[in-house]
Amino acid sequence: MIIRILTEGQFNLPGIHLDKLNEIDNQLVEAVEAENREQLSHLLHQMLDMVREKGTPVPIDELVESDLILPEPDITLEEAEEMFTGEGLLPG
Amino acid sequence: MGMFSRMSTIVKSKMNRVLDNAEDPRETLDYSYEKQLEMLRGVKKGVVEMVAAKRRIQQQATKVQENVTRLDGQARQALDVGREDLARLALQRKQTALIELQGLDEQIAGMEHEQEKLTAAEQRLQAKVTAFKTKKEIIKAQYTAAQAQVRIGSALSGISEEMGDISLAVERAETKTELMRSRAGAIDELASAGVLEDFTGREDDIGKQLARLSADQNVDDELAALKSGLSGGSNPALPEGR
(Lines give C-alpha, C1' and ligand atoms only; values in the text may rest on other atoms or scores of the structure.)
Protein backbone atom coordinates (compact mmCIF):
# COMPACT_ATOMS: atom_id res chain seq x y z
CA MET A 1 0.00 0.00 0.00
CA ILE A 2 1.47 3.35 -1.02
CA ILE A 3 1.09 6.08 1.58
CA ARG A 4 2.11 9.67 1.24
CA ILE A 5 2.97 11.84 4.20
CA LEU A 6 2.38 15.35 2.96
CA THR A 7 5.55 17.44 2.52
CA GLU A 8 7.62 14.36 3.27
CA GLY A 9 7.17 11.79 0.51
CA GLN A 10 5.79 8.32 -0.13
CA PHE A 11 6.18 5.04 1.75
CA ASN A 12 5.25 1.49 0.91
CA LEU A 13 3.46 0.05 3.92
CA PRO A 14 2.50 -3.63 4.19
CA GLY A 15 -1.28 -4.05 4.25
CA ILE A 16 -1.32 -5.74 7.65
CA HIS A 17 -0.85 -2.36 9.32
CA LEU A 18 -3.99 -0.92 7.81
CA ASP A 19 -6.22 -1.84 10.75
CA LYS A 20 -3.98 -0.08 13.23
CA LEU A 21 -3.85 2.93 10.94
CA ASN A 22 -7.62 3.01 10.73
CA GLU A 23 -7.91 2.83 14.46
CA ILE A 24 -5.61 5.80 14.98
CA ASP A 25 -7.44 7.64 12.24
CA ASN A 26 -10.74 7.29 14.04
CA GLN A 27 -9.19 8.56 17.25
CA LEU A 28 -7.76 11.48 15.30
CA VAL A 29 -11.20 12.48 14.14
CA GLU A 30 -12.41 12.38 17.73
CA ALA A 31 -9.47 14.46 18.89
CA VAL A 32 -10.22 17.11 16.29
CA GLU A 33 -13.89 17.16 17.21
CA ALA A 34 -12.99 17.53 20.89
CA GLU A 35 -10.48 20.26 19.93
CA ASN A 36 -7.82 18.39 21.87
CA ARG A 37 -4.53 19.77 20.59
CA GLU A 38 -2.24 17.51 22.57
CA GLN A 39 -4.11 14.41 21.58
CA LEU A 40 -4.12 15.46 17.93
CA SER A 41 -0.38 15.98 17.89
CA HIS A 42 0.26 12.78 19.85
CA LEU A 43 -1.89 10.62 17.58
CA LEU A 44 -0.54 12.18 14.43
CA HIS A 45 3.03 11.50 15.45
CA GLN A 46 2.11 7.96 16.42
CA MET A 47 0.53 7.45 13.03
CA LEU A 48 3.35 8.97 11.01
CA ASP A 49 6.04 7.18 13.03
CA MET A 50 4.33 3.91 12.30
CA VAL A 51 4.33 4.60 8.57
CA ARG A 52 7.98 5.67 8.66
CA GLU A 53 9.09 2.68 10.72
CA LYS A 54 7.04 -0.12 9.20
CA GLY A 55 7.08 1.23 5.68
CA THR A 56 9.90 1.55 3.16
CA PRO A 57 10.42 4.82 1.28
CA VAL A 58 9.32 4.76 -2.35
CA PRO A 59 12.35 5.40 -4.59
CA ILE A 60 12.67 9.09 -5.33
CA ASP A 61 12.37 8.71 -9.11
CA GLU A 62 9.32 6.46 -9.07
CA LEU A 63 5.99 7.86 -10.21
CA VAL A 64 3.15 6.16 -8.39
CA GLU A 65 -0.16 7.31 -7.10
CA SER A 66 -0.78 6.95 -3.36
CA ASP A 67 -3.55 4.89 -1.88
CA LEU A 68 -3.61 7.09 1.16
CA ILE A 69 -2.46 10.61 1.91
CA LEU A 70 -1.66 11.63 5.46
CA PRO A 71 -1.29 15.14 6.83
CA GLU A 72 2.11 16.67 7.50
CA PRO A 73 3.52 16.32 11.02
CA ASP A 74 3.07 19.94 12.08
CA ILE A 75 -0.55 20.41 11.08
CA THR A 76 -2.41 22.60 13.56
CA LEU A 77 -5.80 21.96 15.09
CA GLU A 78 -7.23 24.82 13.03
CA GLU A 79 -5.92 23.31 9.82
CA ALA A 80 -7.28 19.92 10.78
CA GLU A 81 -10.67 21.43 11.52
CA GLU A 82 -10.65 23.22 8.23
CA MET A 83 -9.98 19.92 6.51
CA PHE A 84 -13.16 18.52 7.90
CA THR A 85 -15.35 21.51 7.34
CA GLY A 86 -13.96 23.84 4.72
CA GLU A 87 -12.25 23.73 1.40
CA GLY A 88 -9.28 21.76 2.60
CA LEU A 89 -5.59 22.46 2.91
CA LEU A 90 -4.59 22.98 -0.66
CA PRO A 91 -5.23 26.26 -2.41
CA GLY A 92 -7.67 25.92 -5.29
CA MET B 1 -14.93 10.06 7.07
CA GLY B 2 -11.51 9.58 8.64
CA MET B 3 -8.63 11.98 8.56
CA PHE B 4 -6.67 10.29 5.83
CA SER B 5 -9.50 9.33 3.52
CA ARG B 6 -10.44 12.99 3.70
CA MET B 7 -6.86 14.12 2.98
CA SER B 8 -6.61 11.76 0.05
CA THR B 9 -9.81 13.02 -1.51
CA ILE B 10 -8.83 16.64 -1.09
CA VAL B 11 -5.36 16.33 -2.55
CA LYS B 12 -6.45 14.24 -5.49
CA SER B 13 -9.35 16.46 -6.46
CA LYS B 14 -7.08 19.49 -6.47
CA MET B 15 -4.62 17.65 -8.67
CA ASN B 16 -7.05 16.64 -11.33
CA ARG B 17 -8.04 20.20 -12.05
CA VAL B 18 -4.60 20.99 -13.42
CA LEU B 19 -4.71 18.36 -16.05
CA ASP B 20 -8.00 17.80 -17.76
CA ASN B 21 -7.93 20.36 -20.54
CA ALA B 22 -6.07 18.89 -23.47
CA GLU B 23 -7.83 16.79 -26.10
CA ASP B 24 -4.86 14.80 -27.27
CA PRO B 25 -3.32 13.03 -24.25
CA ARG B 26 0.12 13.74 -25.66
CA GLU B 27 -0.59 17.42 -25.24
CA THR B 28 -1.51 16.76 -21.66
CA LEU B 29 1.89 15.18 -21.15
CA ASP B 30 3.72 18.16 -22.57
CA TYR B 31 1.54 20.61 -20.75
CA SER B 32 2.08 18.81 -17.48
CA TYR B 33 5.83 18.75 -18.08
CA GLU B 34 5.84 22.51 -18.62
CA LYS B 35 3.98 22.90 -15.34
CA GLN B 36 6.49 20.68 -13.58
CA LEU B 37 9.43 22.74 -14.81
CA GLU B 38 7.66 25.89 -13.76
CA MET B 39 7.08 24.46 -10.32
CA LEU B 40 10.68 23.35 -10.02
CA ARG B 41 11.82 26.89 -10.75
CA GLY B 42 9.38 28.10 -8.13
CA VAL B 43 10.76 25.75 -5.49
CA LYS B 44 14.34 26.74 -6.27
CA LYS B 45 13.41 30.37 -5.94
CA GLY B 46 11.73 29.57 -2.65
CA VAL B 47 14.92 28.04 -1.28
CA VAL B 48 16.94 31.07 -2.31
CA GLU B 49 14.48 33.43 -0.67
CA MET B 50 14.47 31.37 2.48
CA VAL B 51 18.27 31.53 2.71
CA ALA B 52 18.20 35.29 2.20
CA ALA B 53 15.57 35.81 4.88
CA LYS B 54 17.54 33.65 7.29
CA ARG B 55 20.72 35.56 6.62
CA ARG B 56 18.97 38.80 7.41
CA ILE B 57 17.81 37.51 10.77
CA GLN B 58 21.30 36.18 11.50
CA GLN B 59 22.71 39.63 10.88
CA GLN B 60 20.14 41.05 13.21
CA ALA B 61 21.14 38.54 15.89
CA THR B 62 24.80 39.52 15.48
CA LYS B 63 23.90 43.15 16.03
CA VAL B 64 21.93 42.36 19.15
CA GLN B 65 24.83 40.25 20.43
CA GLU B 66 27.15 43.21 19.96
CA ASN B 67 24.67 45.32 21.81
CA VAL B 68 24.73 42.92 24.76
CA THR B 69 28.52 43.11 24.96
CA ARG B 70 28.44 46.89 24.72
CA LEU B 71 25.81 47.27 27.45
CA ASP B 72 27.80 44.96 29.68
CA GLY B 73 30.83 47.17 29.27
CA GLN B 74 28.78 50.28 29.93
CA ALA B 75 27.43 48.83 33.17
CA ARG B 76 30.98 48.26 34.39
CA GLN B 77 32.09 51.72 33.37
CA ALA B 78 29.12 53.26 35.12
CA LEU B 79 29.93 51.46 38.34
CA ASP B 80 33.58 52.49 38.04
CA VAL B 81 32.52 56.10 38.26
CA GLY B 82 29.94 55.41 40.95
CA ARG B 83 26.82 55.74 38.81
CA GLU B 84 24.77 52.80 39.98
CA ASP B 85 21.63 54.21 38.37
CA LEU B 86 23.27 54.16 34.95
CA ALA B 87 24.66 50.68 35.54
CA ARG B 88 21.19 49.45 36.39
CA LEU B 89 19.77 51.00 33.26
CA ALA B 90 22.42 49.36 31.11
CA LEU B 91 21.77 45.98 32.71
CA GLN B 92 18.04 46.35 32.20
CA ARG B 93 18.59 47.01 28.53
CA LYS B 94 20.91 44.07 28.37
CA GLN B 95 18.17 41.81 29.74
CA THR B 96 15.80 43.04 27.06
CA ALA B 97 18.40 42.44 24.40
CA LEU B 98 18.94 38.91 25.68
CA ILE B 99 15.23 38.15 25.35
CA GLU B 100 15.31 39.56 21.85
CA LEU B 101 18.33 37.43 21.03
CA GLN B 102 16.58 34.32 22.21
CA GLY B 103 13.61 35.08 19.97
CA LEU B 104 15.88 35.59 16.99
CA ASP B 105 17.71 32.34 17.65
CA GLU B 106 14.41 30.50 17.71
CA GLN B 107 13.46 32.06 14.40
CA ILE B 108 16.76 31.08 12.85
CA ALA B 109 16.29 27.49 13.99
CA GLY B 110 12.75 27.48 12.59
CA MET B 111 13.91 28.77 9.26
CA GLU B 112 16.70 26.25 9.05
CA HIS B 113 14.12 23.54 9.53
CA GLU B 114 11.94 24.96 6.75
CA GLN B 115 14.94 25.33 4.51
CA GLU B 116 15.83 21.66 4.95
CA LYS B 117 12.30 20.64 4.10
CA LEU B 118 12.20 22.81 1.01
CA THR B 119 15.55 21.56 -0.18
CA ALA B 120 14.38 17.98 0.23
CA ALA B 121 11.20 18.82 -1.69
CA GLU B 122 13.27 20.34 -4.46
CA GLN B 123 15.40 17.22 -4.81
CA ARG B 124 12.37 15.00 -4.80
CA LEU B 125 10.60 17.03 -7.44
CA GLN B 126 13.73 17.17 -9.59
CA ALA B 127 13.99 13.38 -9.55
CA LYS B 128 10.29 12.94 -10.33
CA VAL B 129 10.37 15.45 -13.16
CA THR B 130 13.33 13.69 -14.74
CA ALA B 131 11.57 10.34 -14.43
CA PHE B 132 8.42 11.83 -15.91
CA LYS B 133 10.29 13.22 -18.88
CA THR B 134 11.69 9.80 -19.74
CA LYS B 135 8.32 8.19 -19.39
CA LYS B 136 6.63 10.86 -21.43
CA GLU B 137 8.99 10.35 -24.36
CA ILE B 138 8.48 6.59 -24.28
CA ILE B 139 4.72 6.94 -24.24
CA LYS B 140 4.75 9.46 -27.06
CA ALA B 141 7.00 7.30 -29.22
CA GLN B 142 4.76 4.29 -28.82
CA TYR B 143 1.55 6.23 -28.90
CA THR B 144 -1.60 4.83 -30.40
CA ALA B 145 -4.76 6.46 -29.18
CA ALA B 146 -6.39 3.30 -27.90
CA GLN B 147 -3.66 1.86 -25.69
CA ALA B 148 -1.86 4.91 -24.41
CA GLN B 149 -4.69 6.26 -22.31
CA VAL B 150 -4.09 4.01 -19.33
CA ARG B 151 -0.35 4.48 -19.14
CA ILE B 152 -0.65 8.20 -19.49
CA GLY B 153 -3.18 8.16 -16.72
CA SER B 154 -0.93 6.43 -14.22
CA ALA B 155 2.17 8.49 -15.02
CA LEU B 156 0.17 11.68 -14.70
CA SER B 157 -1.56 10.85 -11.46
CA GLY B 158 1.80 9.97 -9.87
CA ILE B 159 3.43 13.23 -10.86
CA SER B 160 0.40 15.42 -10.22
CA GLU B 161 0.06 14.11 -6.70
CA GLU B 162 3.71 14.93 -6.15
CA MET B 163 3.18 18.42 -7.50
CA GLY B 164 0.22 18.94 -5.22
CA ASP B 165 2.25 17.85 -2.24
CA ILE B 166 5.17 20.08 -3.11
CA SER B 167 3.03 23.11 -3.75
CA LEU B 168 1.65 22.56 -0.27
CA ALA B 169 5.15 22.29 1.21
CA VAL B 170 6.22 25.48 -0.53
CA GLU B 171 3.13 27.34 0.52
CA ARG B 172 3.59 26.38 4.15
CA ALA B 173 7.27 27.28 4.12
CA GLU B 174 6.41 30.66 2.65
CA THR B 175 3.73 31.33 5.23
CA LYS B 176 6.15 30.51 8.00
CA THR B 177 8.93 32.61 6.54
CA GLU B 178 6.56 35.52 6.10
CA LEU B 179 5.53 35.22 9.73
CA MET B 180 9.13 35.16 10.91
CA ARG B 181 10.03 38.02 8.64
CA SER B 182 7.25 40.17 10.01
CA ARG B 183 8.28 39.31 13.56
CA ALA B 184 11.85 40.24 12.78
CA GLY B 185 10.58 43.47 11.23
CA ALA B 186 8.66 44.22 14.40
CA ILE B 187 11.81 43.70 16.46
CA ASP B 188 13.68 46.10 14.18
CA GLU B 189 11.06 48.78 14.64
CA LEU B 190 10.92 48.36 18.38
CA ALA B 191 14.68 48.46 18.60
CA SER B 192 14.92 51.68 16.65
CA ALA B 193 12.07 53.24 18.58
CA GLY B 194 13.72 52.25 21.86
CA VAL B 195 10.65 50.54 23.29
CA LEU B 196 11.98 47.04 23.34
CA GLU B 197 10.61 46.35 26.80
CA ASP B 198 7.29 45.37 25.31
CA PHE B 199 8.66 42.75 23.03
CA THR B 200 7.81 39.59 24.87
CA GLY B 201 5.77 38.26 21.99
CA ARG B 202 3.45 35.33 22.42
CA GLU B 203 3.34 35.12 26.19
CA ASP B 204 0.25 35.85 28.21
CA ASP B 205 0.06 38.59 30.82
CA ILE B 206 1.20 36.44 33.69
CA GLY B 207 4.06 35.11 31.61
CA LYS B 208 5.04 38.67 30.77
CA GLN B 209 5.05 39.75 34.37
CA LEU B 210 7.04 36.73 35.43
CA ALA B 211 9.52 37.36 32.64
CA ARG B 212 9.86 40.94 33.79
CA LEU B 213 10.37 39.89 37.40
CA SER B 214 13.05 37.43 36.47
CA ALA B 215 14.68 40.05 34.28
CA ASP B 216 14.65 42.44 37.24
CA GLN B 217 16.16 39.75 39.40
CA ASN B 218 18.88 39.16 36.84
CA VAL B 219 19.64 42.85 36.83
CA ASP B 220 19.95 42.90 40.62
CA ASP B 221 22.14 39.83 40.62
CA GLU B 222 24.44 41.14 37.95
CA LEU B 223 24.72 44.48 39.62
CA ALA B 224 25.65 42.76 42.88
CA ALA B 225 28.21 40.63 41.09
CA LEU B 226 29.76 43.65 39.39
CA LYS B 227 29.96 45.52 42.66
CA SER B 228 31.60 42.69 44.53
CA GLY B 229 34.11 42.50 41.68
CA LEU B 230 34.87 46.18 42.12
CA SER B 231 35.22 46.01 45.86
CA GLY B 232 38.06 43.53 45.56
CA GLY B 233 36.18 40.25 45.52
CA SER B 234 36.91 39.10 49.07
CA ASN B 235 34.02 41.18 50.36
CA PRO B 236 30.50 39.94 49.66
CA ALA B 237 28.16 42.30 47.85
CA LEU B 238 27.45 45.70 49.34
CA PRO B 239 24.05 46.08 50.89
CA GLU B 240 21.59 46.94 48.18
CA GLY B 241 18.53 49.10 48.18
CA ARG B 242 16.00 46.66 46.75
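Residues numbered from 1 in each chain as written. Chains lettered and ligands numbered in written order. Predicted model: local features only at pLDDT ≥ 70, side-chain atom pairs only at ≥ 80, totals over all residues. Heavy atoms only, no water.

(A) Inspection of the overall build of chain B at higher detail. Counting secondary structure elements, chain B contains five helices and zero strands. Element order for chain B, N to C, with α for helix and β for strand: α-α-α-α-α. Buried residues in chain B amount to 40% of all 242 residues. Long-range pairs, those at least 24 residues apart, make up 77% of the contacts in chain B with a sequence separation of at least 6. On chain B, roughly 13,200 Å² of surface is accessible, and the fraction owed to carbon and sulfur atoms is 53%. (Helix = DSSP H or I, 4+ residues; strand = E, 2+ residues; numbered from the N terminus. Buried < 20%, exposed > 50% of the residue type's maximum accessible area, 1.4 Å probe, protein only. Contact = heavy atoms within 4.5 Å. Areas by Shrake-Rupley, 256 points an atom, 1.4 Å probe, with all protein chains shown as cover.)

(B) Structural detail: the overall build of chain A. If you tally the helices and strands in chain A, you get three helices and four strands. The secondary structure elements of chain A, listed N-terminal to C-terminal, are β-β-α-α-β-β-α. Within chain A, buried positions represent 46% of all 92 residues. Pairs at least 24 residues apart make up 66% of the contacts formed inside chain A by residues separated by at least 6 positions. For chain A, the accessible area works out to roughly 4,500 Å², and carbon and sulfur atoms hold 47% of it.

(C) Geometry of the pattern of salt bridges. Residues and elements named next belong to chain B. The tally for this structure, following the rule as stated, stands at 21 salt bridges over all chains. The partner of Asp72 in a salt bridge is Lys94, and the shortest N-O contact between them spans 3.1 Å. One end of the pair, Asp72, is in helix 2 (residues 25-80); the other, Lys94, is in helix 3 (residues 84-141), with 22 residues separating them in the sequence. A relative accessible area of 22% places Asp72 in the partly exposed class. In this structure Lys94 comes out as buried when scored by relative accessible area, which is 8%. In this structure, Asp220 engages Arg88 in a salt bridge whose closest nitrogen and oxygen atoms are separated by 2.8 Å. Note that Asp220 is positioned in helix 5 (residues 205-230) and Arg88 in helix 3, a separation of 132 residues in sequence. (Salt bridge = Lys/Arg side-chain N within 4 Å of Asp/Glu carboxyl O.)

(D) The arrangement of the nonpolar core in detail. Ranked by internal contacts, the top residues of the largest apolar core, which has 32 residues, are Met39, Val43, Leu118, Leu125, Phe132, Ile159 and Ile166 of chain B. Listing elements by their share of this core, those giving two or more residues are helix 2, helix 3 and helix 4 (145-193) of chain B. Membership of the second largest hydrophobic core comes to 22 residues, among which are Leu13, Leu70, Leu77 and Ala80 of chain A. (Core = buried A, V, L, I, M, F, W, Y, C linked by side-chain atoms within 4.5 Å.)

(E) Seen up close, the sheet that holds strand 3 (residues 56-57) of chain A. All names here are of chain A. Taken together, four strands build an open sheet; the order of strands is 3-2-1-4 and the sheet is mixed. Strand pairing shows two members of the sheet lacking a second neighbour, strand 3 and strand 4 (68-70), which therefore form its edges. Sheet analysis places strand 2 (residues 9-12) next to strand 3, joined by two bridges and oriented antiparallel. Counted as the bridge partner of Asn12 is Thr56 from strand 3. (Pairing = 2+ DSSP bridges.)

(F) Just the packing of helix 1 (residues 18-33) of chain A against helix 2 (residues 37-54) of chain A, in detail. Residues and elements named next belong to chain A. Interhelical geometry of helix 1 versus helix 2 gives an angle of 160° and a closest axis separation of 9 Å. Considering their axes alone, helix 1 and helix 2 lie roughly antiparallel with respect to each other. In terms of crossing hand, the pair formed by helix 1 and helix 2 is left-handed. Contacts between helix 1 and helix 2 involve Lys20, Leu21, Ile24, Asp25, Gln27, Leu28, Ala31 and Val32 on the former and, on the latter, Gln39, Leu40, Leu43, Leu44, Gln46, Met47, Met50 and Val51. Its residues assigned to classes, the contact of helix 1 with helix 2 shows 11 nonpolar, three polar and two charged. (Axes fitted to C-alpha atoms, helices over the stretch in contact; angles between N-to-C directions. Parallel < 35°, antiparallel > 145°, perpendicular 65-115°, else oblique. Left-handed = near helix turned anticlockwise from the far one by under 90°. Nonpolar A, V, L, I, M, F, W, Y, C, P; charged D, E, K, R; others polar.)

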